[in-house]
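What the coordinates show
Residue-level listing of the chains:
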Amino acid sequence: MNRERVRSGALLLAITAYAALIITIFPSAGTLLYEQCAGDYIIFQTIGSGWLDGKLPYVELFDHKGPLIFAIYSLGIWLCKGKMGVWLLELVFVAASMWMLFLTGRAMRLSLRKCVFGVLMSGILLGLYIEGGGTVEEFSLPFQMLPLLMAVRYLSGNKVTPLTTIAFVSGLCFALTAMIRVNNNIVVCAVVIALSIILIHRREWRTLLLSIAWFLGGLALGLLPFVAYFASHGALDECIYGTFTYNFKYLAAQHDKLGLHGIATFAVTLLSCAIMCVVGARDLLKNRFGRNTLAIMFIMLAAVTALVLVQGGDYRHYFIMAIPAAIATYYYIATHYGRVGVILTTLAVLLPLFGSAGYLARQYRVIKSHVPVSRGWIDPVSRAIIENVPANDLDSVYIAPYRVYYGAYSLAQTGHYPVGTYFFMQPVMCKNSDDIRRRIAESFERANPKWLLTEYPLEDLAFIRDKDRYELVTTYSEGSGFRGCLYRRRPSQ
């Protein structure tokens, strides 16, 4: 027993080290190799830091993600300034996901070698999909993997955990993932659908009804703290709008822009899901009772993964949520089929790697260019603020719409935050939804900022009604050709 514990501990340490390597080498923003950050990482850092300083998410700083991701970043910033605290939390979440993925294979009675190989493949896929790092997908994965692990153990003959407990944990994990990003509840939905089908087939109606009740109990428990917090601050409507209402509108708009490249990306990434659906359906039709329940589970996992992901855009980090289905397919084939099937499935799972040379080269160039100039480097947007905005005006700076949100992060480092609630992607948001266009215009008018940072001429920002209120102070640029403008509200205004 002690030897088994030592081996498990050593393996967990090795998986943690592997996870640390992945989240250090591959992310272009969350890596600890340099101080700069960009993309979603800046947005989450800004809102997380602002929450610690009393700025209420959705009311004073907006993003269309759930409050739990901002709470995670707040905790990371509280633990350690800069990137280290968030990086440590990211490591815990990624390592836990990989460990549960390993245990899922072991629950299927796969050999240690095959389970370790599954974890290695999951790390390769994570490295390909991680983009900036610190994404909502990485922080959602443990809440998706836990119900899957429990369900696979149950269906594989280990019925120590009753179905009602699995249902309760699934409801709790669904709620916590929804408080990060509801669209990431792919695995939990698949588990719930598969177990429901199995119980209906067995005519275990009482167990099914009890499981539904326990699921709803877990769901309520997971949502209650967030509902209570935002309701007590009079911001529940804003939280629901950002987390759910606008989030779905944003995803729909992303899907409308899908082109040939996006279609090819989906085909390559979701090939393993197609394989699982075909092979699993074949086994069910051949009535192989020994593997039917797991076939149902993994068919649902593959089908829900494909159906959910094709409804959104083709941002690379979205496909982190396809990793559980890809590795589950490998596990299923490795359990029931011969060497040829395993080799072909492995190639299908790793197919995205073969077309990623350009992406990996870009990531390498980004990291290589940032490391030598990390300390003391200031982006042009932040420099424009430092050199032109008086200290007593730092609480009256509005930022719009894209790359200038670097300035939001720089303000946050000094304890100041952009005004007007919305500080990135305003033109895109205005195109996606009429109601958010109105919200953006109204919040800008209420803020009436003294300073305005934008990469576009003022005439191109439709949500600013009285453009004569502002005068151009300076323009700024960086080596890539990016240019921006800094405006000041006229003294008479």
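Quick summary incoming for the structure in this document. (Residues numbered from 1 in each chain as written. Predicted model: local features only at pLDDT ≥ 70, side-chain atom pairs only at ≥ 80, totals over all residues. Heavy atoms only, no water.)

As for the overall build of the protein
Looking only at helices and strands, one finds 21 helices and four strands in the protein. Computed over C-alpha atoms, the radius of gyration of the protein comes to 24 Å, within 12% of the 23 Å expected from 2.2 N^0.38 for 493 residues, which places it in the range of a compact globule. Going through the 493 residues of the protein one by one, you find that 54% of them count as buried. Within the protein, contacts between residues separated by at least 24 positions form 73% of all contacts whose residues are at least 6 apart in sequence. As displayed, the protein has an accessible area near 21300 Å², and 63% of this comes from carbon and sulfur atoms. (Helix = DSSP H or I, 4+ residues; strand = E, 2+ residues; numbered from the N terminus. Rg over C-alpha atoms; globule rule 2.2 N^0.38 Å. Buried < 20%, exposed > 50% of the residue type's maximum accessible area, 1.4 Å probe, protein only. Contact = heavy atoms within 4.5 Å. Areas by Shrake-Rupley, 256 points an atom, 1.4 Å probe, with all protein chains shown as cover.)

A short note on the pairing of strand β2 (residues 451–454)
Of the two faces of β2, both are covered, the one formed by Trp451 and Leu453 as well as the one formed by Leu452 and Thr454. As paired strands, strand β1 (residues 397–399) and β2 are joined by three bridges and run parallel to one another. Each residue of the ladder has a partner; that of Ile399, found in β2, is Leu453. (Pairing = 2+ DSSP bridges.)

Examining unusual backbone geometry
With a phi angle near 50°, Glu131 is a residue other than glycine that sits in the positive phi range. In this fold, Glu131 is placed in the loop between α5 (112–129) and α6 (136–155). Glu131 gets classed as partly exposed once you look at its relative accessible area, which sits at 23%. Positive phi values are uncommon outside glycine, yet Thr421 reaches one of about 70°.

Details of the environment of Thr305
Relative to the assigned elements, Thr305 resides in helix α13 (residues 292–309). Among the residues examined, Thr305 registers a relative accessible area of 0% and is labelled buried. With residues near it in sequence (within four places) discarded, Thr305 still touches Ile186, Leu270, Cys273, Met321, Ala322 and Ala325.

Digging into the nonpolar core
Grouped together as the largest cluster of nonpolar side chains are 160 residues, with contacts concentrated most on Phe298 and Phe463. Residue contributions to this core peak at 14 residues, all from helix α4 (residues 84–107). The contact partners of Phe298, leaving out residues within four places of it in the chain, are Met108, Leu148, Val152, Met276, Ala328 and Tyr332. (Core = buried A, V, L, I, M, F, W, Y, C linked by side-chain atoms within 4.5 Å.)

Focus on the environment of Ala441
Residue placement: Ala441 occurs in helix α21 (residues 434–447). With 177 residues separating them along the chain, Ala441 and Ala264 place their C-alpha atoms 38 Å apart. Apart from the residues lying within four places of it in its own chain, the contact partners of Ala441 are Phe463 and Arg465.

Here we look at the packing of aromatic side chains
Summed over all chains, the structure comprises 29 aromatic pairs. When the ring of Tyr73 is compared with that of Phe139, the centres are 6.2 Å apart and the planes differ by 70°; the resulting orientation is edge-to-face. Placement of Tyr73 in helix α3 (residues 67–79) and of Phe139 in helix α6 is noted, with a sequence separation of 66 residues between them. Classification of Tyr73 by relative accessible area gives buried; the value is 0%. (Phe/Tyr/Trp six-rings, centres within 6.5 Å; stacked < 30°, edge-to-face > 60°.)

Considering the packing of α4 against α5
Viewed as axis vectors pointing N to C, α4 and α5 meet at an angle of 145°, and their least axial separation amounts to 9 Å. Pair α4 / α5 crosses with right-handed handedness. Every residue of α5 that contacts α4 at Val94, Met98, Leu101, Phe102, Gly105 and Arg106 is listed here: Leu112, Cys115, Val116, Gly118, Val119, Ser122, Gly123 and Leu126. Across the contact of α4 with α5, the residue classes break down as nine nonpolar, four polar and one charged. (Axes fitted to C-alpha atoms, helices over the stretch in contact; angles between N-to-C directions. Left-handed = near helix turned anticlockwise from the far one by under 90°. Nonpolar A, V, L, I, M, F, W, Y, C, P; charged D, E, K, R; others polar.)

Brief notes about the pattern of salt bridges
Counting across every chain of the model gives 13 salt bridges. Where Glu137 meets Arg181, a salt bridge forms, and the shortest distance between an N and an O atom there is 3.9 Å. With Glu137 in helix α6 and Arg181 in helix α7 (residues 163–181), this residue pair connects regions lying 44 residues apart in the sequence. In this structure Glu137 comes out as buried when scored by relative accessible area, which is 1%. What makes Arg181 buried here is its relative accessible area of 3%. For Lys249, the salt bridge goes to Asp435, with nearest N and O atoms at 2.9 Å. Taken as a pair, Lys249 in helix α10 (residues 236–256) and Asp435 in helix α21 lie far apart in primary sequence, 186 residues in all. Among the residues examined, Lys249 registers a relative accessible area of 30% and is labelled partly exposed. Residues joined by salt bridges that share partners form a network here, namely Glu445, Asp466 and Arg469. (Salt bridge = Lys/Arg side-chain N within 4 Å of Asp/Glu carboxyl O.)

A word on empty space enclosed by the protein
Counted under the stated rule, the structure contains two cavities of 30 Å³ or more. Those elements that place two or more of their residues in the lining of the largest cavity are α4, α5, α6 and α14 (323–336). Broken down by element, the residue count for the lining of the largest cavity peaks at four residues, all from α4. Here the lining of the largest cavity is composed, by residue class, of eight nonpolar, two polar and no charged. (1 Å grid on protein atoms, 1.4 Å probe; cavity = no way out; pocket = protein on both sides within 12 Å on 5 of 7 lines; lining within 4 Å. Points joined across faces, edges and corners; volume = space filled by probe spheres on them.)

Side note on helix α12 (residues 271–285)
The terminal C-alpha atoms of α12 lie 21 Å apart, and with 15 residues this matches the ideal 21 Å at 1.5 Å per residue to within 8%. Three or more residues of α12 are buried, namely Ser272, Cys273, Met276, Val279, Gly280 and Asp283. Seen from one end, α12 has its buried residues packed into an arc of 140°, which puts them on one side. More than 90 degrees from the buried face of α12, the exposed residues found are Val278 and Leu285. (Expected span 1.5 Å × (residues − 1). Arc of directions from axis to C-beta.)

Points about the packing of α3 against α4
In the contact formed by α3 and α4, the axes pass within 7 Å of each other and the chain directions differ by 125°. One way to sum up the angle between α3 and α4 is to call them oblique. Touching Ile72, Tyr73, Leu75, Gly76, Ile77 and Leu79 of α3 are Gly85, Val86, Leu89 and Phe93, all from α4. Here the contact of α3 with α4 is composed, by residue class, of eight nonpolar, two polar and no charged. (Parallel < 35°, antiparallel > 145°, perpendicular 65-115°, else oblique.)

Function cannot be inferred from these measures alone, as they are strictly geometric.
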